Amino acid sequence: MSFPEDFRLISYLSRLEHAVRFPLSSSYPESMSIDTLFELAGKEHRAPFMQTMLDYPPLRGTPELLEAIAATYRQVTPRQVISFAGADEAIYASFQMLLEPGDHAVVITPNYQSLESVPMSRCDVTGVALDENNDWALDTAKVRAALRANTKVLVINFPHNPTGALISREQLNELIEICRERGIWIFSDEVYRLTEFDPADRLPQLADVYERGISLNVTSKAYGLPGLRIGWVACQDDVWMQKLERMKQYLSICNSMPGEFLTTLALNARAPILERVMERSRSQLAALTAFLARYPDRFSLAVPKAGVLAFPRYTGPEGAEVFATRLVEEAGVMVIPSVTYASELNPVSEDFLRIGFGRANLDQALAEMGKWLDKQ
Ligand SMILES: Cc1ncc(COP(=O)(O)O)c(C=O)c1O
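About the criteria used
Residues numbered from 1 in each chain as written. Predicted model: local features only at pLDDT ≥ 70, side-chain atom pairs only at ≥ 80, totals over all residues. Heavy atoms only, no water. Helix = DSSP H or I, 4+ residues; strand = E, 2+ residues; numbered from the N terminus. Rg over C-alpha atoms; globule rule 2.2 N^0.38 Å. Buried < 20%, exposed > 50% of the residue type's maximum accessible area, 1.4 Å probe, protein only. Contact = heavy atoms within 4.5 Å. Areas by Shrake-Rupley, 256 points an atom, 1.4 Å probe, with all protein chains shown as cover. Lys, Arg positive; Asp, Glu negative; His and termini not counted. Charge placed at Lys NZ, Arg CZ, Asp CG, Glu CD. Domains from an automatic or database assignment. Buried area = accessible area lost by both parts, 1.4 Å probe. Salt bridge = Lys/Arg side-chain N within 4 Å of Asp/Glu carboxyl O. Polar contact = N/O pair within 3.5 Å; in protein donor to acceptor, adjacent residues only side chain to side chain. Nonpolar A, V, L, I, M, F, W, Y, C, P; charged D, E, K, R; others polar. Axes fitted to C-alpha atoms, helices over the stretch in contact; angles between N-to-C directions. Parallel < 35°, antiparallel > 145°, perpendicular 65-115°, else oblique. UniProt positions renumbered as here; feature names shortened; annotations may be inferred. Phe/Tyr/Trp six-rings, centres within 6.5 Å; stacked < 30°, edge-to-face > 60°. Lys NZ or Arg CZ within 6 Å of the ring centre and 35° of its normal. Pairing = 2+ DSSP bridges. Near = heavy atom within 4 Å.

### Topic: the overall build of the chain
(1) Moving on: When helices and strands are counted, the chain shows 14 helices and 14 strands.
(2) Moving on: The C-alpha radius of gyration computed for the chain amounts to 20 Å, which stays within 12% of the reference 21 Å derived for 376 residues, consistent with globular compactness.
(3) Moving on: Overall, the chain is about 60 × 55 × 40 Å in size when its C-alpha atoms are taken along their principal axes.
(4) Moving on: Counting only residues that meet the buried cut, the chain has 58% of its 376 residues in that class.
(5) Moving on: Intrachain contacts of the chain at a sequence separation of at least 6 include 75% that bridge at least 24 residues.
(6) Moving on: Of the roughly 15,700 Å² that the chain leaves accessible, carbon and sulfur atoms contribute 50%.
(7) Moving on: Taken together, the 37 basic and 48 acidic charged side chains of the chain have centroids lying 1 Å from each other.

### Focus: the domain arrangement of the chain
(1) Moving on: Annotation of the chain at the domain level lists domain 1 (8-33 + 272-375) and domain 2 (44-269).
(2) Moving on: Computed over C-alpha atoms only, the centres of domain 1 and domain 2 are separated by 25 Å.
(3) Moving on: The interface of domain 1 with domain 2 comprises 38 residues on the first partner and 38 residues on the second.
(4) Moving on: Taken together, both faces of the contact between domain 1 and domain 2 bury some 3,100 Å²; the carbon and sulfur share is 62%.
(5) Moving on: Linking domain 1 with domain 2 are one salt bridge, by the criterion used here.
(6) Moving on: With a closest N to O distance of 3.2 Å, arginine 313 and glutamate 132 form a salt bridge.
(7) Moving on: Linking domain 1 to domain 2 there are 15 residue pairs in polar contact (both at pLDDT 80 or more).
(8) Moving on: Taken together, the elements giving at least two residues each to the side of domain 1 that touches domain 2 come down to helix 1 (8-16), helix 12 (270-293) and strand 10 (309-310).
(9) Moving on: When its residues are assigned to classes, the side of domain 1 that touches domain 2 shows 23 nonpolar, eight polar and seven charged.

### Points about the packing of helix 13 (residues 320-331) against helix 14 (residues 362-375)
(1) Moving on: Taken N-terminus to C-terminus, the directions of helix 13 and helix 14 make an angle of 105°; their axes are 11 Å apart at the nearest point. The pairing of helix 13 with helix 14 is recorded here as roughly perpendicular in orientation. Across the interface between the two elements, Phe323, Arg326, Leu327, Glu330 and Ala331 from helix 13 touch Glu368, Met369, Trp372 and Leu373 from helix 14.
(2) Moving on: Counted by class, the contact of helix 13 with helix 14 contains six nonpolar, no polar and three charged residues.

### Some points on the UniProt feature "domain: Aminotransferase class I/classII large" (unreviewed entry) in the chain
(1) Moving on: This chain's UniProt record puts "domain: Aminotransferase class I/classII large" (unreviewed entry) on residues 47-365.
(2) Moving on: Here residues 47-365 runs as 38% helix and 17% strand, with 39 Å between its end C-alpha atoms.

### Digging into the packing of aromatic side chains
(1) Moving on: With the rule as written, the count across this model stands at 17 aromatic pairs.
(2) Moving on: Arranged with centres 5.4 Å apart and planes meeting at 55°, the rings of phenylalanine 291 and tyrosine 295 form a pair that is tilted.
(3) Moving on: According to the relative accessible area criterion, phenylalanine 291 is buried, its value standing at 4%.
(4) Moving on: Between tyrosine 314 and phenylalanine 323 the ring centres are 4.3 Å apart and the planes differ by 25°, which places this aromatic pair in the stacked class. Summarising the burial analysis for this pair, tyrosine 314 and phenylalanine 323 share the class buried.
(5) Moving on: Taken together, Phe291, Tyr295, Phe299, Tyr314, Phe323 and Trp372 form an aromatic cluster joined through their ring pairs.
(6) Moving on: Its end group placed over the ring of tyrosine 12, arginine 15 keeps NZ or CZ at 5.2 Å from the ring centre.
(7) Moving on: In this structure, lysine 248 is placed above the aromatic ring of phenylalanine 84, and the distance from its NZ or CZ to the ring centre is 5.6 Å.

### A word on the sheet that holds strand 3 (residues 104-109)
(1) Moving on: If you walk across this open sheet you meet the seven strands as 2-8-7-6-5-3-4, and the pairing is mixed. In this open sheet, the two strands that pair with only one neighbour each are strand 2 (81-85) and strand 4 (124-129). The average undirected angle you get between the axes of adjacent strands in this sheet is 20°.
(2) Moving on: Pairing between strand 3 and strand 5 (residues 151-156): four bridges, direction parallel. Bridge pairing links alanine 105 to valine 153 in strand 5.
(3) Moving on: The sheet strands contacting helix 8 (residues 169-182) are strand 5 and strand 6 (185-189), and the helix crosses strand 5 at an angle near 165°.

### Focus on the site of the ligand
(1) Moving on: If you check the shell around the ligand, you find 15 residues, and the closest are Ala87, Asn161, Asp189, Ser220 and Lys221.
(2) Moving on: Measuring from an oxygen atom of the ligand, one finds a side-chain N or O atom of asparagine 161 at 2.7 Å.
(3) Moving on: A total of 390 Å² of accessible area belongs to the ligand in isolation, and the protein chains cover 93% of it.
(4) Moving on: Counting residues per element, the shell around the ligand draws most heavily on helix 5 (residues 86-98), at four residues.

Structure (structure tokens):
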């Protein structure tokens, strides 16, 4: 594979997301203005923000930011955190520092493409498919069977993009035990954590419960603040974190100071910010589910357990890709066909559609889509 190959999902989004009337496919919830953030976090922070010097912050992040991030974990200290320019930079940097030729990685399919293509640019990779006929369940026996003597990392992403699937706490424990026995790292993309509709489904963060667990997070999803572009990695292994720091020296080096200030503010005032997102997500998932149920011969949905993405199977005669193209061209409503989630490792069915339900204009987008569907 030549790297970087086209990031199919990002290409699709870049071509259409800002050009269509109803981008009904966003992976993030409705955002908020800086004004609203100050209202939620406390207006007394406004003056210090305006007086912030536009210096380079420290490479790993300001002490305030690292402390605010560490406070979201149970075991992790500020010294065990490195901030990045979004989760995407952290994914790239982490696999550069984890994997080399001769290693082997195991990743879940379907996936957020960089979770497979960056490892594939470094070493051999085996994909383990979630079961599309069983609510996207993971069979841990398949993970076990995929491991080799040189397996260095298992890459997981729960809550999962694009299905909203989760594994149980018992399954997570089993994965940790399998990996611990063999000294395998677990890279855990947790960007949708804290968006679970039932809090009892919430998994612990890997960096809290496994000494070789690497937790990835970002402000984009649960907090609904993608424009801050601050992500982070947490891991208890100080030696590996020093290696990761070295990689960042060659990438962004450090983040933007306003981004770090506002992220610190958001994390320290996270309860109302998270609740705001969840309140909308809960009611909008109900609205979307009711909408899809009106067209039983077109859509069949395994209801997501978390996140702001639904991934229904499209059962209409023309197939998901043609449907998505006609819907955007004729009604200005953009959903994403699952062909954009194609994997080099396993076949991914092209029969699914990614529909985002976190944005404020969901009702209008569904009304538009309904009008169009009713004319077909
Ligand atoms: C599972 C997953 N990981 C990582 C990212 C990257 O997050 P960001 O674009 O905020 O860096 C995304 C974005 O959609 C995602 O869905």
